[in-house]
Amino acid sequence: MVWPHTWFDAGGAVGMYPGMQCAAGEVGACMWFTNYTEISGPPTLPDDMRTFQDMYIEGLGYYDYTKHNPWRSPGSAPVFSPCGVAGGNPDGCPIGGAEGECPGGGFGYGPSAEDVEFSDVVTTEWKVGGTAEVGWGIIANHGGGYSYRLCKAPEEGVVTEECFQKMPLNFHGDMQWVQYGEEGQKVEFQANRTRTGTFPEGSHWTKDPIPACHSMDGGWLEDGPGCPASGGQFPAPAPGLLGYGENYLAPGAPDFLFTIMDEVVVPADITPGEYVLSFRWDCEQTNQIWN
């Protein structure tokens, strides 16, 4: 999440600046997540909300290699933290292993964001019963979908996943857009949202609108942006809005210079006060959740 300004974005210095979706904070805004998490039962997501298609294996047919990954039952896979763990692996990788980077990304033994004292945090004011703009950016497009949640800031202790699960926010309307910077161009298109098969039951989730490339690696091994070799996993919502977000030729260099934007409804029945907003992106390609 990059909008509104997050805990990681000291003084609101980064925001929606194009190509800077992972830049905020000491360890980087994209390094707060849960690694190696899966759903406990069969998939509950409607098939039309899929973002990575089954893999075809010659002689065996189609193989559903994402069936245990978080997006296949949105909101149900456990997280180490509702706000993300630095490096994604609080107990090491493998568990109890040496400190350092982890296979597939991240690192071990990082703190949970809710336990960190961030400096110069920007506070955003929302109106009870109104709507508010929210946005997030992609550097590695693992598909899946996302939800926004609120939790009233506790007088003692820290926010919890259980608290956020009590107040999932509804999205406003059937449209969303990508935006190239706070004052930049907007490209609007139809959103794909669902309440079917979600947790908490009936909570509102939106499909990642940007199709990754039609391969298991999602486009990491493509020789350029925009899926020149394989095409997209599903039709792009607008011309040029597809791809993995980076590739092996330039790891970490963002192809996507936009923020994915939505409006959410601020509940009309909540007590005014201080709240924490949590973004939850349940991936389909991988067994990961970003907050």
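A quick note: this is a predicted structure, and the numbers were derived from the prediction, not measured.

Student: Can you help me understand the overall build of the protein in this one?
Tutor: Check the secondary structure of the protein and you find one helix and 15 strands. Its C-alpha atoms give the protein a radius of gyration of 18 Å, near enough to 19 Å, the size a compact globule of 291 residues would have. Each principal axis of the C-alpha distribution contributes one length, and for the protein these read about 60 × 45 × 35 Å. Burial status across the protein gives 49% buried among its 291 residues. Counted over contacts in the protein with a minimum sequence separation of 6, partners at least 24 positions apart contribute 71%. In the protein, 12 side chains carry a positive charge and 38 a negative one; their mean positions are 9 Å apart.

Student: I keep staring at the nonpolar core and nothing clicks. Help me out?
Tutor: A general tendency of soluble globular proteins is for nonpolar side chains to be buried together. Among the nonpolar cores identified, the biggest contains 27 residues, and Trp136, Tyr146, Tyr148 and Ile260 are the most heavily contacted of them. If you list the elements that add at least two residues to this core, you get strand S7 (131-136), strand S8 (145-152), strand S13 (259-265) and strand S14 (275-282). The contact partners of Ile260, leaving out residues within four places of it in the chain, are Val134, Gly135, Trp136, Ile138, Tyr146, Gln176, Trp177, Val178, Asp208, Pro209 and Ile210. If you look at the next biggest cluster of nonpolar residues, it comprises twelve residues, including Val14, Ala113, Phe164 and Val276.

Student: What is the right way to read the packing of aromatic side chains from this model?
Tutor: In this description, an aromatic ring pair is defined by two values, namely the gap between the centres and the angle between the planes. This structure, assessed with the given rule, holds 18 aromatic pairs. Considering the side-chain rings of Phe8 and Trp32, the 5.0 Å spacing of their centres and the 10 degrees angle between planes classify their relative orientation as stacked. Of the two residues, Phe8 is situated in the segment before strand S1 (32-34) and Trp32 in strand S1; the sequence distance between them amounts to 24 residues. Consider the rings of Tyr148 and Phe279, whose centres lie 5.2 Å apart with planes at 45 degrees: the pair is tilted.

Student: Which parts of the structure should I look at to understand the state of the cysteines?
Tutor: By definition, a disulfide links two cysteine residues through a covalent bond between their sulfur atoms. Going through the model one piece at a time under the given rule, you end up with four disulfides. One disulfide bridge connects Cys93 with Cys102, the sulfur atoms lying 1.8 Å from each other. Between Cys93 and Cys102, the disulfide has an S-S torsion of -85 degrees and is therefore left-handed. Taking the relative accessible area as the measure of exposure, Cys102 reaches 8% and is therefore buried. A disulfide bridge connects Cys213 with Cys227, and the sulfur atoms are separated by 2.1 Å. Around the S-S axis, the bridge from Cys213 to Cys227 shows a dihedral of about -90 degrees and counts as left-handed. Note that Cys213 is positioned in the loop between strand S12 (205-207) and S13 and Cys227 in the loop between S12 and S13, a separation of 14 residues in sequence. Exposure remark for Cys227: the relative accessible area of 5% places this residue in the buried category. Cysteines bonded in the protein are numbered consecutively along the chain; their disulfide partners then correspond to 1-2, 3-4, 5-6, 7-8. The structure places no disulfide on Cys83, whose sulfur is separated from the nearest cysteine sulfur, that of Cys151, by 8.4 Å.

Cut-offs applied
For every chain, the first residue of its written sequence is number 1, and the numbers climb from 1 along that sequence. A pLDDT threshold of at least 70 governs which residues receive local features in this predicted model, and a stricter bar of 80 or more applies before side-chain atom pairs are shown or counted, although totals over entire chains, interfaces and linings include all residues. Side-chain measures were taken over the full set of non-hydrogen atoms in the model, leaving aside hydrogen atoms and water. Counting from the N terminus, the helices are the DSSP runs of H or I reaching at least four residues and the strands are the DSSP runs of E reaching at least two. Each radius of gyration reported is based on C-alpha atoms, and the globular scaling rule is 2.2 Å times the count of residues to the power 0.38. The rule is simple: take the accessible area with a 1.4 Å probe, protein chains only, and divide by the maximum for that residue type; under 20% is buried, over 50% is exposed, in between is partly exposed. For this analysis, residues touch if any pair of their heavy atoms sits within 4.5 Å. All tallies of charge rest on Lys and Arg as positive and Asp and Glu as negative; His and the ends of each chain are not included. Charged side chains are reduced to one point each, which is NZ for Lys, CZ for Arg, CG for Asp and CD for Glu. Residues belong to a common nonpolar core when they are buried Ala, Val, Leu, Ile, Met, Phe, Trp, Tyr or Cys residues joined through side-chain atoms within 4.5 Å. The criterion for an aromatic pair is that two Phe, Tyr or Trp rings (for Trp, the six-membered ring) have centres within 6.5 Å, with stacked assigned to planes under 30 degrees apart, edge-to-face to planes over 60 apart and tilted to the rest. A pair of cysteine sulfur atoms is labelled a disulfide when the two atoms are within 2.5 Å.

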